[in-house]
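Fold and contact review
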Amino acid sequence: MKGKATQGLLRPAVCVSAMLLCGGAWGLDLGGNLGYTYRSLTGSTSDDASSHQLRGTLNASGYIWQPWFSNVHGSLNVTSDHENVDRAQSSNATMIATGDLDLSIMPQSRTPFDLNFSASDSRVDVFDVASSVTGLGSREFNTRRLSLKQTYVSEQGNHFQARYDNEHWSSKNGGTLDSELFGLEAELRMNKQKLFAKTSYQTSDRSLLDQGTKTTIINIDHFYTPSRALRVDTMLSHFNSDNNSLLPLNGTNINGNSTTNLSQVSSYVFWRPAQSRLTASGGMRLYNLNTDTVTGHGTDALTLVGNGGLFFQMNRNLRFDGDVQLSMIDNGEQRTNASREKGGALYQSDIHSLPYGFEYQWNTGADLTHQDTEYEKLTNLSLRAAHDAQRLWAHQDGGATRLSLSQALSSTQGFGDISTSTQRLDHSASVSWDRTHSGGTTYLQATLSDARTFGDGANNQQFLNLQAQRHQDLTRKSSLSGNLTVQATYQDFNGRSNNDTVTATGQVSYRHDDLFDVPRLRFLSDLRTSRAAVDTGIDRTEWENRLDYDIGMLNVSGSWRWVSVNDERFNLIDLQADRRF
């Protein structure tokens, strides 16, 4: 299965390459490189592994026959990989072919055709500790993807496109994943109107789970602008997914077949006159979800939501807003209606100058909300008042100190079927200092916030953030930089649970160009660490030392990385040599 799928995807690329070589391709710029890579991974709890790679890369860019007829860009990477796993006493020698090809026929015409083929292999492209890119369970995987696009552009500038995608993913332990996609797209631009339509049909098969999926998607967006002040957005979409799995569910003998259908249509109107202080918006959305499984636990729900709102800017300080929302949910057995109305006002003062160079501003606001869900009726009144002050000190040496203070008090009263009373007091302070001096820059910042809630659902929350950064040019060709961030949080909910969390991250980097006065010899030492003061956190430290040297067309590099992830330790060595041509 794996070999047939790979051959099926490689065949188009081989045919195109044959046309370029045998059909008389010209106007191409050729280049590439030859290289060698040695990689070594030793771990405290994992198998030690090493690999030797001989590789060659050929790059081509240009056109076939005439530039207006076709453009081509491609690369071919051939790697001979010899891998050894010491503890398992095993070795593996393989030839790996990766690369990509982009071919465009008649690119400037009204009927351009595009072909893209790409192949990748994690043994060449990925080499990391605890890499998340190997998502399906294996750290060795390869992918092959073929994409074909045919576009038609009308005389009026409308775009139509048909596409085909074929992708194959395979790994040593994760099986294979094959998918095919057929799609159509249309983009129509008319006077005061735009229409975008997309539809696709995709099949995918995953061998490890013996699972197949068929997915159909239809999406249509329409935008109508009859005037500068008025706009109407309408959307129609449909999603269908059929899943078929031969593996049992929950230890039973029932297979995992299921069907999901989701359809929705919505239309929203926006009225925003340029010279008016009043703006309005509103719309409706109809949403239908239907799921069906062989176990009979399906879902059939129809939801209708409508809303509308007004915003009025009386002057630069005072504004009002209000909105209403109505909803209906019907699951076939029961219908539920709900409504929510809200009105509010906000007043924000001008910025005032205070003694000692402080700038001061205050604001106050109120919101009244009513909700009716047929089961209960709730009315909430929220009041809020806040003020803040800032100060900037500019120093003669070019640095600056900034101080920011703020305080907010809010109260929420609930009436109706459920009565609640909550008050909250917030304080925050932030101070920062920066300086540029003696070829270096320094930045320090501290932020502290405190939130206390009284009444129903009483809780306390504190947050502290400390940050320090420094960059120093040691010489004309060397520099040292570092940063440290410490965060601490404290939470207390009704005195029942305390949760103290402290995390710290830091980095120190040293860079030296023309090391030992050797031109184009670069050295980089980079140390990164992160600590979490909770059992579920991850402590990680990584130290990389790297040398790069360019000699004409030859590039040589070597790096050593020491990685510590919780209780695991890793050493990674990477040596590379590349000769461009």
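Residues numbered from 1 in each chain as written. Predicted model: local features only at pLDDT ≥ 70, side-chain atom pairs only at ≥ 80, totals over all residues. Heavy atoms only, no water.

Turning our eyes to something else, we now look at the overall build of the protein. Per the secondary structure count, the protein includes two helices and 29 strands. In the protein, buried positions account for 28% of the 581 residues. Counting only contacts in the protein whose residues sit at least 6 apart along the sequence, the fraction spanning at least 24 positions is 47%. About 34400 Å² of surface is accessible on the protein, with carbon and sulfur atoms providing 57% of the total. (Helix = DSSP H or I, 4+ residues; strand = E, 2+ residues; numbered from the N terminus. Buried < 20%, exposed > 50% of the residue type's maximum accessible area, 1.4 Å probe, protein only. Contact = heavy atoms within 4.5 Å. Areas by Shrake-Rupley, 256 points an atom, 1.4 Å probe, with all protein chains shown as cover.)

Pairing of strand β1 (residues 28–43) with strand β29 (residues 568–580) involves 11 bridges; the strand directions are antiparallel. Across the sheet, the residue bridging to tyrosine 38 is leucine 575, located in β29. Examined bridge by bridge, strand β28 (residues 554–565) and β29 share 12 bridges and lie antiparallel to one another. By the bridge assignment for β29, serine 559 is matched with aspartate 574. In textbook terms, the turn of a hairpin is the stretch between consecutive antiparallel strands, and for β28 and β29 this stretch comprises two residues, one of which, asparagine 566, has a positive phi near 55°. (Pairing = 2+ DSSP bridges.)

Bringing the pattern of salt bridges into the picture now. Charged atoms that come close allow side chains of opposite charge to pair. Per the stated rule, a full pass over the model turns up 20 salt bridges. Of the charged contacts, one joins arginine 39 and aspartate 574 as a salt bridge, the two residues approaching to 3.5 Å between their closest N and O atoms. Of this pair, arginine 39 sits in strand β1 while aspartate 574 sits in strand β29, and the two are 535 residues apart along the sequence. Each of Arg145, Arg163 and Asp165 takes part in a single network of salt bridges with overlapping partners. (Salt bridge = Lys/Arg side-chain N within 4 Å of Asp/Glu carboxyl O.)

Among the secondary structure elements, threonine 369 is positioned in strand β18 (residues 359–372). By relative accessible area, which is 14% here, threonine 369 ends up buried.

Once that is clear, we can look at unusual backbone geometry. Trans is the common state for peptide bonds, and a negative phi is the common state for residues other than glycine. Positive phi outside glycine occurs at phenylalanine 516, with the angle close to 55°. The class of phenylalanine 516 is exposed, set by a relative accessible area of 68%. A positive phi angle is found at arginine 520, which is not glycine, with a value near 65°. Looking at the secondary structure, you find arginine 520 in the loop between β25 (498–512) and β26 (521–532).

For the rest of this paragraph, the subject is the packing of aromatic side chains. In total, this model carries 11 aromatic pairs according to the counting rule given. Seen in terms of ring centroids, tyrosine 347 and tryptophan 362 are 5.4 Å apart; in terms of plane orientation they differ by 35°. Their pairing is tilted. Of the two residues, tyrosine 347 sits in strand β16 (residues 335–348) while tryptophan 362 sits in strand β18, which places them 15 residues apart along the sequence. Taking the relative accessible area as the measure of exposure, tyrosine 347 reaches 32% and is therefore partly exposed. (Phe/Tyr/Trp six-rings, centres within 6.5 Å; stacked < 30°, edge-to-face > 60°.)

By the secondary structure assignment, isoleucine 538 is in the loop between β26 and β27 (540–551). A sequence separation of 29 residues divides isoleucine 538 from aspartate 567, and the C-alpha atoms of the two residues are 9.9 Å apart. Ignoring sequence-local partners within four residues, the contact set of isoleucine 538 consists of Ser530, Ala532, Val565 and Asn566.

Quick look at the confidence of the model for the protein now. The share of residues in the protein with pLDDT of 70 or more is 87%, and the mean pLDDT across the chain is 86. Of all helices and strands in the protein, the one with the weakest mean pLDDT is helix α1 (residues 2–22) (44), whereas β18 scores best (96). The model gives residues 1–16 a pLDDT under 50, and that stretch makes 22 contacts with residues more than four places away or in other chains. Every residue in residues 127–138 scores below 50 in pLDDT, and together they form 28 contacts with partners more than four places removed in sequence or on other chains. (pLDDT = per-residue confidence, 0-100.)

Membership of the largest hydrophobic core is limited to eight residues, which are Ile64, Val72, Leu101, Leu103, Leu115, Phe117, Ala119 and Leu146. A per-element tally of this core places strand β5 (residues 113–121) first, with three residues. Grouped together as the second largest cluster of nonpolar side chains are five residues, Leu41, Val563, Phe570 and Leu572 included. (Core = buried A, V, L, I, M, F, W, Y, C linked by side-chain atoms within 4.5 Å.)

Our focus in this paragraph is a nonpolar patch on the surface. Taken together, the side chains of Leu30, Leu34, Leu58, Leu76, Val78, Met95 and Phe581 define a hydrophobic patch exposed on the protein surface, amounting to about 730 Å² of accessible area. Residue assignment for the nonpolar patch shows that the elements contributing at least two residues are β1 and β3 (70–85). Relative to the elements of secondary structure, methionine 95 occurs in strand β4 (residues 90–105). (Patch = residues over 30% accessible without salt bridge, like charges linked within 9 Å, V, L, I, M, F, W, Y side chains within 5 Å.)

By the secondary structure assignment, asparagine 71 is in strand β3. A sequence separation of 44 residues divides asparagine 71 from glycine 27, and the C-alpha atoms of the two residues are 9.6 Å apart. Not counting residues within four places of it along the chain, the set of residues in contact with asparagine 71 comprises Gly62, Tyr63, Asp102, Leu103, Ser104 and Pro107.

Attention now goes to the environment of arginine 319. Counting through the fold element by element, arginine 319 comes out in strand β15 (residues 318–330). For arginine 319, a relative accessible area of 30% translates into the label partly exposed. Sequence-distant contacts of arginine 319, that is, excluding residues within four places in its chain, are made with Phe311, Phe312, Gln313, Met314, Gly344, Ala345 and Leu346.

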